[in-house]
Amino acid sequence: MKSIIKASLGATVALVLSTPALAQSDTSGADRNWTGPYIGGSLGYGWQPNSGRDRNETMVFDTNGDGVFDNQVTTAAGGNAFAPGFCRGNSRGSAPSSCGGDNDGKVGWSVHAGYDYQMGSIVVGGVVEGGQSNFSNSVSGFSTTPAGYTMTRKLEWDGAARLRAGFALPTGTLIYGTGGVAYGKINHRFATTNTFNTFTESNRSDKDWGWTAGGGIEQKVANNFSIGVLYRYTRFNDGAYVVNAGQGTPPSATNPFVNPLTTSGSTDITRTNQRFDNQSVRATASFRF
């Protein structure tokens, strides 16, 4: 991964350093006109915000089957079965000390197609894009059994349809803001050291809508070629994934997920943070027709 990052950054630096010479090689008016269609791609680095909502995420439970995750999983003695607590990241065992953090930084890429229209110094347009951002994050919980439980979600692919508007400079430079709708496929995975209960997952794969916004700068380096840098913030709302903990074999009257204090006979589990957001900075390149 590090080699990919270095290679992409090196290529970006080389293109940026070559921009003045290339721009000076063609100073015609057409070189500075942004009107027309274009296709291209982007490569860069993305990360997930280290927000309080993410740092303080936990699992929540529905033990009475009413669809509301506001119950405590209780031991036969009346105690909190998840007293050891929760952590952000992957559980590597049955105790909170085994928790590992999320790997929030990822290399991402996309391809795009769009159209710009220039009116004086104002440029407006639209662009559609799709690719991979590869983000994933996890939350883990720990029961008094002892056992560890981990929920992980990963953004397999994503796309967006964005409008953009900006200001064209006489140097062939475009400074712009952008925003629109996002769409992505989110896969879910559950892992546990609990070998007694049965665990049934729902909505392991979701396609979710979201939104994206950001801004960038683009430079004409030839009559039909431009390079740039784009920053984007993207948010998806991911709240459909539920894991049901059911009775194991042989049946138990004392297991916290199914004991008499669990009136539905099983327990639904989900995570508290439904936001799945990310930020990215990417180098862009576009061929203009």
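Small disclaimer: the values here were computed from a predicted structure and weren't measured.

A. Local environment of the environment of Gly215. As for its position among the elements, Gly215 is in strand 12 (residues 205-222). The spatial distance from the C-alpha of Gly215 to the C-alpha of Ile175 is 7.8 Å, given a sequence separation of 40 residues. Contact partners of Gly215, with chain neighbours within four places excluded, come to Tyr176, Gly177, Thr178, Val229, Leu230 and Tyr231.

B. Examining the state of the cysteines more closely. According to the stated counting rule, one finds one disulfide in the structure shown. Two residues, Cys87 and Cys99, share a disulfide whose sulfurs are 1.7 Å apart. Note on the Cys87 and Cys99 pair: the S-S dihedral is about 80°, so by sign convention the disulfide is right-handed. With Cys87 in strand 3 (residues 85-88) and Cys99 in strand 5 (residues 99-100), this pair connects stretches of sequence that are 12 residues apart. When its relative accessible area of 21% is taken as the criterion, Cys99 is described as partly exposed.

C. Structural view of the side chain of Glu57. Here Glu57 lies in the loop between helix 2 (52-55) and strand 2 (59-62). Given the relative accessible area of 3%, Glu57 is considered buried. Side chain to side chain, Glu57 and Arg271 meet in a polar contact 2.7 Å long. Discounting residues that sit within four places of it in the chain, Glu57 has contacts with Phe86, Val139, Arg153, Arg271, Thr272 and Asn273.

D. Spatial organisation of the nonpolar core. Met59, Phe82, Tyr149, Met151, Phe257 and Ile269 are the most contacted members of the largest nonpolar core, which has 16 residues in total. Secondary-structure elements contributing two or more residues to this core are strand 2, strand 9 (147-168) and strand 14 (242-246). Here this core gets three residues from one element, more than from any other, and that element is strand 9. Residue contacts for Phe82: discarding those within four places in its chain leaves Phe61, Val73, Gly141, Phe142, Ser143, Tyr149 and Phe257.

E. Up close: a nonpolar patch on the surface. Taken together, the side chains of Tyr115, Tyr117, Met119, Ile122, Val124 and Phe167 define a hydrophobic patch exposed on the protein surface, amounting to about 550 Å² of accessible area. Elements supplying a minimum of two residues to the nonpolar patch: strand 6 (106-119) and strand 7 (122-132). Examining the composition of the nonpolar patch, we find that three residues originate from one element, strand 6, more than from any other. Relative to the helices and strands, Ile122 resides in strand 7.

F. Quick peek at the pairing of strand 7. The alternating pattern of strand 7 places Val123, Gly125, Val127, Glu129 and Gly131 on a buried face and Ile122, Val124, Gly126, Val128, Gly130 and Gln132 on a face that is not buried. With 11 bridges joining them, strand 6 and strand 7 adopt antiparallel strand pairing. By the bridge assignment, Gly114 is partnered in strand 7 with Val127. The turn joining strand 6 and strand 7, which pair antiparallel and follow one another in sequence, is formed by two residues; a positive phi near 70° is taken by Gly120.

G. How the structure looks around the confidence of the model for the chain. Counting all residues, the mean pLDDT for the chain is 88, and 89% of those residues have values of 70 or more. Note that pLDDT drops below 50 for residues 1-30; the model gives that stretch 23 contacts with residues more than four away or on any other chain.

H. Inspection of the packing of aromatic side chains at higher detail. In the structure shown here, the tally under the stated rule is 13 aromatic pairs. Ring centres 6.5 Å apart and planes at 35° place the aromatic pair Phe61 and Phe86 in the tilted group. Here the residue Phe61 occupies a position in strand 2, and Phe86 occupies one in strand 3, the gap between them amounting to 25 residues. Of the residues examined, Phe61 reaches a relative accessible area of 5% and is grouped as buried.

I. Spatial organisation of the pattern of salt bridges. On inspection of all chains with the given rule, the structure shows 10 salt bridges. Here Glu129 makes a salt bridge to Arg162, at a shortest N to O gap of 2.7 Å. Linking Glu129 in strand 7 with Arg162 in strand 9, this pair joins segments that are 33 residues apart in sequence. The network of salt bridges with common partners includes Asp116, Arg164, Glu218 and Arg288.

J. Focus on unusual backbone geometry. The omega angle of the peptide bond from Thr145 to Pro146 is 5°, so this bond is cis rather than trans. With respect to the helices, strands and loops of the structure, Pro146 is situated in the loop between strand 8 (136-143) and strand 9. Pro250 follows Thr249 through a cis peptide bond whose omega is 0°. Along the chain, the position of Pro250 falls in the loop between strand 14 and strand 15 (267-271).

Definitions and cut-offs
Within every chain, residues take consecutive numbers counted from 1 along the sequence as written. Whole-chain, interface and lining totals are the exception, using all residues; otherwise, since this is a predicted model, local features are given only for residues with pLDDT of at least 70 and side-chain atom pairs are given and counted only at 80 or more. To get the side-chain values, take all heavy atoms of the structure and skip hydrogens and water. Only runs of H or I of at least four residues qualify as helices and only runs of E of at least two qualify as strands under DSSP, and these elements are numbered from the N terminus. Any two residues whose heavy atoms approach within 4.5 Å are treated as being in contact. By disulfide we mean two sulfur atoms from cysteines, separated by a distance within 2.5 Å. The buried label applies to any residue whose accessible area, calculated with a 1.4 Å probe on protein chains only, is under 20% of its type's maximum; exposed applies above 50%, and partly exposed to all values in between. What qualifies as a polar contact is a pair of N or O atoms within 3.5 Å, subject to a donor-acceptor requirement within protein and to the restriction that residues adjacent in sequence count only when both atoms come from side chains. The criterion is simple. A nonpolar core is a set of buried Ala, Val, Leu, Ile, Met, Phe, Trp, Tyr and Cys residues joined through side-chain atoms within 4.5 Å. Like-charged residues within 9 Å of one another, or nonpolar side chains (Val, Leu, Ile, Met, Phe, Trp, Tyr) within 5 Å, are grouped into patches, provided each residue has over 30% relative accessible area and no salt bridge. Accessible areas in this description were obtained via Shrake-Rupley with a 1.4 Å probe; residue shielding takes into account the shown protein chains only. Salt bridges are counted wherever a side-chain nitrogen of Lys or Arg sits within 4 Å of a carboxyl oxygen of Asp or Glu. Strand pairing is defined by DSSP finding a minimum of two bridges between the two strands. Along the chain, pLDDT gives the predictor's confidence residue by residue, from 0 to 100. Here a pair means two rings of Phe, Tyr or Trp (six-membered ring of Trp) with centres within 6.5 Å. Their orientation is stacked below 30 degrees between planes, edge-to-face above 60, and tilted elsewhere.

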